[in-house]
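Listed below, chain by chain, are the residues.
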Amino acid sequence: MAVKSAEGSRNQMEKDNSLKEFQETLREAIEVLGYPHQVYDFLKTPMRFLEVSIPILMDNGETKTFQGYRAQHNDAAGPTKGGIRFHPDVTPEEVKALAGWMSLKCGITGLPYGGAKGGIICDPRQLSLTELERLSRGYVRAVSQVVGPTKDIPAPDMYTNSQIMAWMLDEYDHIREFDSPGFITGKPLALGGSKGRETATSKGVLYTLELVSELKKIPVKDMRVIVQGFGNVGSYLCQYLHEAGAKVVGIADVLGGLYEPDGLDIPYLLENRDSFGIVSNLFTNSISNQELLKKECDVLIPAAISGVINKSNASKLKCKIVIEAANGPTTKEAINILDDHNILVVPDILANSGGVIVSYFEWCQNNQGYYWEEDLVDKRLKDKITSSFLNVYNTSKKLGVNMKIAAYIEGIRKMAEASRLRGWVRF
């Protein structure tokens, strides 16, 4: 029987607390805004939550049933939008929290969406390609009544990719009996995907880092960075940092971490990682993820799972800046500790919003039937990230709150106002 490590159990416990973390910070931001408690009561949980059972024929001839979820947090400002993750540790609480965070991202960046999120409890590393396709199609069949290009638009997330989006699109088209490219984003280019979508989250984090480097007067060139996570987001981010002249002194995957004070050989790591971003197993001097978080650097970028920076390790961090590329990697207690240590935390709902921004661009292109060149996508992404960052930073300074609370405040405003105008809440 497999036994979880103490580190893995602690991370799972933090993930299970994600909805509580979302709600506590939401309440604090609403109090700063001066909104009545009824606004909090309305926004603290999703408007809809669907739990589904997905029976899948496995390659050995047996049928296995997988549990899946879809949370739609708030659709006052427009259709809901959010990714689908395949992971063995997916929980209803995590999916609900992620949907709420997505609503806030859309509010911060001014997108005409509310937030959603989906997930399936599975380990895709243990599934064959045909089993993965059946599971992807089965999920769409299970949720098809509540999703669509004007209802709820899915996208890739942890351990899902453009191929999985392609299978899901095809299944939805079969169910609805018409071509519907705007149903899902993160698709391959040949099926209506957008140039720049696969790298959008990483580029958004990079643009955020460039803004912070100006703010803190730490040049990107020779900046010492640790990226905890080496999947889609982390690996592209390491590539961009390396190209910009930064020293990536540490990286981590699910099996362990690598640290080199003089900078890692990023091209070698990128060339030799497997399809799940695992490369640490090629080295004998790897360390644990927790050890890596405590190593010295200028900027620490958690880009993997939630809850990795918590009350037990926050005081031991040796960085000047934390940029949250993952969703919910820093707990509320940890942020308070980092504030006391004068470590700037750029929150996830701002820093990693590049994915949903370019997903919105993809949806627009699908609706128009007109597709943009990558330089235009990148320019518009950088403009959105820059204006969103400055709004949050200025709110932080004006109200005397940290960047996390300021981001929540900016995210809540549009959603709450749209709900008020519809007559759903009064304030």
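Residues numbered from 1 in each chain as written. Predicted model: local features only at pLDDT ≥ 70, side-chain atom pairs only at ≥ 80, totals over all residues. Heavy atoms only, no water.

- Looking at an unreviewed UniProt entry, one finds the chain named Glutamate dehydrogenase, with Cytobacillus oceanisediminis as its source organism.
- Recorded under Sequence similarities (unreviewed entry), the UniProt text for the chain is reproduced unchanged: "Belongs to the Glu/Leu/Phe/Val dehydrogenases family." (UniProt positions renumbered as here; feature names shortened; annotations may be inferred.)

## Digging into the UniProt feature "binding site: substrate" (unreviewed entry) in the chain
Then step 1. Mapped onto this numbering, the UniProt entry annotates "binding site: substrate" (unreviewed entry) at Lys81, Lys105 and Ser359. Spatial clustering of the annotated residues is evident: they stretch over 279 residues in sequence, but the largest pairwise C-alpha distance comes to 12.4 Å.
Then step 2. Taking relative accessible area as the criterion, Lys81 reaches 1% and is therefore assigned buried.
Then step 3. Ignoring any residue separated from it by four or fewer positions in sequence, one finds Lys81 in contact with Met102, Tyr113, Gly114, Gly115, Ala116, Asp152, Ile153, Pro154, Ala155, Thr185, Val356 and Ser359.
Then step 4. Looking at where Lys105 falls in the secondary structure, it is placed in helix H4 (residues 92-109).
Then step 5. Contact partners of Lys105, with chain neighbours within four places excluded, come to Asn327, Asp348, Ile349, Asn352, Ser353 and Val356. (Buried < 20%, exposed > 50% of the residue type's maximum accessible area, 1.4 Å probe, protein only. Contact = heavy atoms within 4.5 Å. Helix = DSSP H or I, 4+ residues; strand = E, 2+ residues; numbered from the N terminus.)

## Looking at the side chain of Thr201
Then step 1. Take Thr201: it is sitting in helix H7 (residues 200-216).
Then step 2. Within the structure, the side chain of Thr201 is placed 3.4 Å from the backbone nitrogen of Gly355, a separation counted as a polar contact.
Then step 3. What Thr201 contacts, discounting residues up to four positions off in sequence, is Val233, Asn352, Gly354 and Gly355. (Polar contact = N/O pair within 3.5 Å; in protein donor to acceptor, adjacent residues only side chain to side chain.)

## Things to note about unusual backbone geometry
Then step 1. Even without glycine at this site, Tyr159 takes up a positive phi of about 65°.
Then step 2. Relative to the helices and strands, Tyr159 is located in the loop between strand S5 (152-156) and helix H6 (162-176).

## Regarding the layout of surface pockets
Then step 1. The volume enclosed by the second largest pocket comes to roughly 310 Å³.
Then step 2. Lining the second largest pocket are 16 residues, with Leu344, Ser396, Lys397, Asn402 and Met403 sitting closest to its centre.
Then step 3. Contributing elements (two or more residues each) for the lining of the second largest pocket: H7, helix H11 (332-340), strand S11 (344-346), helix H14 (374-399) and helix H15 (403-421).
Then step 4. Sorting elements by how many residues they give to the lining of the second largest pocket places H14 first, with three residues.
Then step 5. Within the lining of the second largest pocket, the residues separate by chemical class into eight nonpolar, four polar and four charged. (1 Å grid on protein atoms, 1.4 Å probe; cavity = no way out; pocket = protein on both sides within 12 Å on 5 of 7 lines; lining within 4 Å. Points joined across faces, edges and corners; volume = space filled by probe spheres on them. Nonpolar A, V, L, I, M, F, W, Y, C, P; charged D, E, K, R; others polar.)

## Section: the pairing of strand S1 (residues 48-57)
Then step 1. Strand direction decides the pairing type here: S1 and strand S2 (residues 63-72), joined by ten bridges, are antiparallel. By the bridge assignment, Phe49 is partnered in S2 with Ala71.
Then step 2. Once S1 ends, the chain turns through five residues before running back antiparallel as S2, passing Gly61 with a positive phi of about 95°. (Pairing = 2+ DSSP bridges.)

## Examining empty space enclosed by the protein
Then step 1. Tallying each qualifying case throughout the model produces two cavities of 30 Å³ or more.
Then step 2. In this model, the largest cavity occupies a volume close to 40 Å³.
Then step 3. Lining the largest cavity are Asn74, Ala77, Ser103, Cys106, Gly107, Leu111, Tyr113, Gly114, Gly411, Lys414 and Met415.
Then step 4. Secondary structure elements with two or more residues in the lining of the largest cavity: H4 and H15.
Then step 5. Split into classes, the residues belonging to the lining of the largest cavity amount to five nonpolar, five polar and one charged.

## Examining the sheet that holds strand S8 (residues 257-259)
Then step 1. Strands sit in the order S8-S7-S6-S9-S10-S11 across an open sheet of six strands; the sheet is mixed. A single partner strand is all that each edge strand has here, and the edge strands are S8 and S11. Between one strand axis and the next, the sheet turns through 20° on average, direction left out of account.
Then step 2. Note that strand S6 (residues 224-228) and strand S7 (residues 247-252) share five bridges and pair parallel. Paired with Ile226 across the strands is Gly250, a residue of S7. (Axes fitted to C-alpha atoms, helices over the stretch in contact; angles between N-to-C directions.)

## Re the nonpolar core
Then step 1. Counting 82 residues, the largest nonpolar core has Leu241, Ile251, Ile301, Ile323, Tyr408 and Ile412 as the members making the most contacts within it.
Then step 2. Per-element tally for this core: the top contributor is H15, with nine residues.
Then step 3. The residues that make up this core include at least three from each of domain 1 (47-180) and domain 2 (199-350).
Then step 4. Leave out the neighbours within four places in its chain, and Ile412 touches Leu26, Ala29, Ile30, Leu33, Tyr35, Leu43 and Leu104.
Then step 5. One finds Ile56, Phe66, Phe86 and Leu169 within the second-largest nonpolar core, a separate group that totals 24 residues. (Core = buried A, V, L, I, M, F, W, Y, C linked by side-chain atoms within 4.5 Å. Domains from an automatic or database assignment.)

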